[in-house]
Amino acid sequence: MALTLHLQNVPAANGLLWVRHGFKIVQRAPLGMVGLFSALMLLNLLTLALPAPLRFLLLATMPLFSLGFMLASHLVLQGKRPVPSVFIAPLQLTAERRNTQLVLGFSFALLTVGGLLLLDQLDGGAFGSALDKFMDAMAKVSQEGGKQPAELPAPDPALFSGFLLRLSWIALISTPYWHAPALVHWGGQGALQALFSSTLGVWRNRGAFAVYMTGWLGVQLVASLAGAMLSAAFALVGLEALLPLMGIVAMYALGSAFYASLYFTFVDCFMFGAPKDVLDSKT
């Protein structure tokens with residue numbers, strides 16, 4: 001059964017509410033949400049040891065993982081425990097919706113890989129070479145206990161420009177896929193319709209999404225500053241060994257909150273029902 005979804009325009013300030021509600025979800029079910037994010041991170045680490053074809057298949061699952069976190073947030077709002085089965089639940093509805101989700105996943109992987117390969121060809125491998133040099137320099141810093149090597153190479157402009165181009169490409173293709181899996185799952189839309197609706201939803205509410213992204217950048221900045229202050233304080237009392245553990249905990253908590261907040265971008269943009277007390281800006 002497909003629910004009726006209505007695209008709407010929301011105030012730009014709602015972007016901050018989306019960030020805030022993401023943290024509320026993690027606050028309500030910390031172990032469940034962090035556990036799901038830990039599974040995602042573990043899968044990403046495993047991809048580094050896999051051959052290219054398998055990495056491509058795992059990349060194709062990313063839209064499903066985003067939808068899985070939306071389903072997890074939906075469960076938390078209903079007072080239920082988020083479980084790993086949320087990641088395969090979208091494939092267990094109807095054959096039509098399962099096939100549509102698979103089309104979205106593989107097309108996302110093709111566009112991602114194809115675009116990055118094209119950018120590699122256009123810059124003649126300059127970005128890859130600059131990245132290798134940068135990683136070698138960072139390895140030397142690590143080997144020398146954090147001290148800067150005597151001959152640290154000057155920053156290569158190709159590294160910044162190449163990174164910016166690739167980030168822009170990822171942002172561009174993320175727009176049609178941002179809401180598309182949810183529109184298929186809850187709205188019963190076809191692949192092309194869902195991609196179009198998602199693009200339209202993000203574009204119409206670009207102000208809210210700009211505030212949303214800025215809000216997450218602000219959260220990361222505050223977390224970094226807090227980490228720096230804690231590092232200095234712990235160094236004074238000889239507890240530096242705890243810093244890596246605290247960093248991992250903070251990273252997982254923030255990552256879980258970000259993925260939880262995806263649900264609220266969908267709820268707001270498409271008037272999808274959720275408990276009023278959670279969406280009310282006064283809460």
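An unreviewed UniProt entry lists the chain under the name BPSS1780 family membrane protein, with Roseateles flavus given as the organism.

> Lay out the packing of helix H4 (residues 62–77) against helix H5 (residues 95–122) with the relevant residues and their values.
Put simply, H4 and H5 touch, their axes get as near as 8 Å, and they point 125° apart. In terms of orientation, H4 and H5 fall into the oblique class. Counted together, Met62, Pro63, Leu64 and Leu67 of H4 and Gln101, Leu104, Gly105 and Phe108 of H5 form the full contact between these two elements. Among the residues forming the contact of H4 with H5, the class breakdown is six nonpolar, two polar and no charged.

> Would you mind going over the UniProt feature "transmembrane region" (unreviewed entry) in the chain in detail, with residue names and values included?
Here, UniProt's "transmembrane region" (unreviewed entry) annotation points to residues 29–50, 56–77, 102–119, 215–239 and 245–266. As annotated, residues 29–50 has a helix share of 82% and a strand share of 0%, and its two end C-alpha atoms lie 32 Å apart. In residues 245–266, helix accounts for 100% and strand for 0%; the two terminal C-alpha atoms are 33 Å from one another.

> An account of the packing of aromatic side chains is requested, with residue identities and associated values reported.
Across all of its chains, the model carries 20 aromatic pairs by this definition. Ring centres of Phe56 and Phe106 lie 6.4 Å apart, and the angle between their planes is 35°; on these two criteria the pair is classed as tilted. In this pair, Phe56 is assigned in helix H3 (residues 52–59) and Phe106 in helix H5, connecting sequence segments 50 residues apart. Since its relative accessible area comes to 37%, Phe106 is described here as partly exposed. Directly above the aromatic system of Trp203 lies the positively charged group of Arg206, at a separation of 4.0 Å from the ring centroid.

> Provide a residue-level description of helix H8 (residues 180–187), including the pertinent values.
Taken across its eight residues, H8 has eight buried, putting it largely inside the fold. Within the sequence span of H8, burial applies to Ala180, Pro181, Ala182, Leu183, Val184, His185, Trp186 and Gly187. Positive backbone phi, at 70°, marks Gly188, one or two positions downstream of H8.

Criteria and cut-off values
- Residues numbered from 1 in each chain as written.
- Predicted model: local features only at pLDDT ≥ 70, side-chain atom pairs only at ≥ 80, totals over all residues.
- Heavy atoms only, no water.
- Axes fitted to C-alpha atoms, helices over the stretch in contact; angles between N-to-C directions.
- Helix = DSSP H or I, 4+ residues; strand = E, 2+ residues; numbered from the N terminus.
- Parallel < 35°, antiparallel > 145°, perpendicular 65-115°, else oblique.
- Contact = heavy atoms within 4.5 Å.
- Nonpolar A, V, L, I, M, F, W, Y, C, P; charged D, E, K, R; others polar.
- UniProt positions renumbered as here; feature names shortened; annotations may be inferred.
- Phe/Tyr/Trp six-rings, centres within 6.5 Å; stacked < 30°, edge-to-face > 60°.
- Buried < 20%, exposed > 50% of the residue type's maximum accessible area, 1.4 Å probe, protein only.
- Lys NZ or Arg CZ within 6 Å of the ring centre and 35° of its normal.

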